[in-house]
Amino acid sequence: RTGFDGIQLHSAHGYLLSSFLNPLANNRPELFGEKDPYGGPLENRARLLLECVRAVRKKTGSDFSISVKLNSADFQAGGFTTEEAVQVSSWLEKEQIDFLEISGGNYESGI
């Protein structure tokens, strides 16, 4: 035990969880086939983030704060969009996260 009250899952700015959400970076269907559970449609691309939230909640309980940093958009043509961010935010709300930080851009977009 470290005594922390919560954590933030960083799913923005082109880092790992954000890369799964971004259709330009997530090329899993090309590598593993169209039925890959983590690529293709948004429901699949958001799966890893939602699984991480569930795993942390299961391990820590309801008294531990979970926040997520999520891009509002990647600001790349064909990248993660604002509409997709709204949908993922809705799914995160259903997972009962405690705090959502909205950011935007990634290292490749220069924003």
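Refer to the structure above for everything that follows.
Residues numbered from 1 in each chain as written. Predicted model: local features only at pLDDT ≥ 70, side-chain atom pairs only at ≥ 80, totals over all residues. Heavy atoms only, no water.

### Quick look at the pairing of strand E3 (residues 99–103)
- Direction of pairing for strand E2 (residues 65–71) relative to E3: parallel, over a ladder of 5 bridges. Residue pairing across strands places Val68 opposite Leu100, the latter belonging to E3.
- Assessed by its sense of winding, the connection that carries the chain from E2 through helix H5 (residues 82–94) to E3 is right-handed. (Pairing = 2+ DSSP bridges. Helix = DSSP H or I, 4+ residues; strand = E, 2+ residues; numbered from the N terminus. Right-handed = clockwise from strand over helix to strand, strands pointing away.)

### Observations concerning helix H4 (residues 47–60)
- Along its 14 residues, H4 runs 20 Å from first to last C-alpha, staying within 8% of the 20 Å computed at 1.5 Å per residue.
- Every buried residue of H4 is accounted for by Leu48, Leu49, Leu50, Val53, Val56 and Arg57.
- Phi turns positive, to about 90 degrees, at Gly61, one or two residues after H4. (Expected span 1.5 Å × (residues − 1). Buried < 20%, exposed > 50% of the residue type's maximum accessible area, 1.4 Å probe, protein only.)

### Thoughts on the pattern of salt bridges
- Per the stated rule, a full pass over the model turns up 5 salt bridges.
- Across the pair Arg54 and Glu95 runs a salt bridge, and its minimum N-O distance is 2.9 Å. Of this pair, Arg54 sits in helix H4 while Glu95 sits in the loop between H5 and E3; the two residues are 41 residues apart in sequence, bridging distant segments of the chain.
- Residue Arg54 is classed as partly exposed on the basis of its relative accessible area, which comes to 42%.
- For Arg57, the salt bridge is made with Asp98, and the minimal N-O distance between the two is 3.1 Å. Remark: Asp98 occurs in the loop between H5 and E3 and Arg57 occurs in helix H4; sequence separation between them is 41 residues. (Salt bridge = Lys/Arg side-chain N within 4 Å of Asp/Glu carboxyl O.)

Remember that the coordinates give geometry; whether it matters functionally is a separate question.
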